Amino acid sequence: MAFREIKPEELNFNPFQRIGKQWMLITAGTEEGYNTMTASWGGAGVMWGKPAATAYIRPQRYTKEFVDREETFTLSFYGEEYRKALNLFGTVSGKDRDKIKEAGFTPYFTDGTVAFEEAEVILVCRKMYADEISRKSSLINRQKRNGIHRRIITRCILQRLKKFW
Ligand SMILES: Cc1cc2nc3c(=O)[nH]c(=O)nc-3n(C[C@H](O)[C@H](O)[C@H](O)COP(=O)(O)O)c2cc1C
């Protein structure tokens, strides 16, 4: 299948639905070796004035070795018919099994990185920033922050509703 290049601004994309519910694949590597994993944590937005995507990869993931090693990686998105494959990519490690072959996926090499022919949308990403989330900062006051987060969301929804009333 031929892919058509589009600008990030042209994406018709709801990140809550597309990443959180339909999931994505994080893939990195070259023809010499690559790996992929399913992810449902992440985002798409703007950082330092540039279109940016965010992914959260636990240290034990084999895919992290490839993402760390390479300058680029892909986030790719699939139709519902590939849910089974995404489940496989999210439960089996490429360290233990050739899960890509098992799923029958075909690698699509582009811009020095890789995604899959089966994808509907591929975001080709160049790394801008990577860091470890410290346990301390992520767990302290979690409940408090969740509370604030919910209140902000409620306000946004109310404001939007007011526009329609
Ligand atoms: C629905 C779903 C979402 C997932 N999201 C993430 C994620 O955002 N970050 C992460 O580190 N692991 C996530 N995982 C787990 C990895 O996909 C899983 O551990 C995978 O087997 C890692 O493969 P690898 O060792 O070949 O890299 C998710 C798994 C599933 C099923």
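We now turn to the structure provided with this report. Not measured: the values here are computed from a predicted model.

Neighbouring residues of the ligand: 21 residues in total, closest N35, T38, T63, S93 and G94. Between S93 and the ligand, the recorded distance is 2.7 Å, taken from a side-chain N or O atom to an oxygen atom. K99 places a side-chain nitrogen or oxygen 2.9 Å from an oxygen atom of the ligand. Summarising the interface, the protein chains cover 85% of the accessible area of the ligand, which totals 650 Å² for the free molecule. Secondary-structure elements contributing two or more residues to the shell around the ligand are β2 (33-39) and α2 (62-69). At five residues, β2 tops the list of elements feeding residues into the shell around the ligand. Grouping the constituent residues of the shell around the ligand by class yields nine nonpolar, nine polar and three charged.

Let us now look at the nonpolar core. Counting 14 residues, the largest nonpolar core has M24, I26, F73, L75 and F77 as the members making the most contacts within it. Elements that contribute at least two residues to this core include exactly β1 (24-30), β2, α2, β5 (72-77) and β8 (121-126). Setting aside chain neighbours within four positions, we find M24 in contact with I19, M37, T38, A39, W41, G42, T54, L75, S76 and F77. Judged by nonpolar contacts, the second largest core, of 11 residues, contains F89, I100, A119 and I122.

You can see T74 is positioned in strand β5. Engagement of the side chain of T74 in a polar contact is seen with the backbone oxygen of V114, the distance being 2.6 Å. Contacts of T74, omitting those with residues within four sequence positions, involve L25, I26, T27, T113, V114, A115, I122, L123 and V124.

Nonpolar side chains collect at one region of the surface, where M47, W48, M128 and Y129 lie side by side and expose about 470 Å² of accessible area between them. Tracing the backbone shows Y129 in the loop between β8 and α5 (135-139).

A complete count under the given rule lists six salt bridges for this structure. Close ionic contact of E65 with K95 constitutes a salt bridge, the shortest N to O distance being 3.6 Å. With E65 in helix α2 and K95 in the loop between α3 (83-89) and α4 (99-103), this pair connects stretches of sequence that are 30 residues apart. On the accessibility criterion, E65 (34% relative accessible area) is partly exposed. In this structure, the salt-bridge partner of R126 is E71, at a minimum N-O distance of 3.0 Å.

Scoring rules and cut-offs
- Residues numbered from 1 in each chain as written.
- Predicted model: local features only at pLDDT ≥ 70, side-chain atom pairs only at ≥ 80, totals over all residues.
- Heavy atoms only, no water.
- Near = heavy atom within 4 Å.
- Polar contact = N/O pair within 3.5 Å; in protein donor to acceptor, adjacent residues only side chain to side chain.
- Areas by Shrake-Rupley, 256 points an atom, 1.4 Å probe, with all protein chains shown as cover.
- Helix = DSSP H or I, 4+ residues; strand = E, 2+ residues; numbered from the N terminus.
- Nonpolar A, V, L, I, M, F, W, Y, C, P; charged D, E, K, R; others polar.
- Core = buried A, V, L, I, M, F, W, Y, C linked by side-chain atoms within 4.5 Å.
- Buried < 20%, exposed > 50% of the residue type's maximum accessible area, 1.4 Å probe, protein only.
- Contact = heavy atoms within 4.5 Å.
- Patch = residues over 30% accessible without salt bridge, like charges linked within 9 Å, V, L, I, M, F, W, Y side chains within 5 Å.
- Salt bridge = Lys/Arg side-chain N within 4 Å of Asp/Glu carboxyl O.

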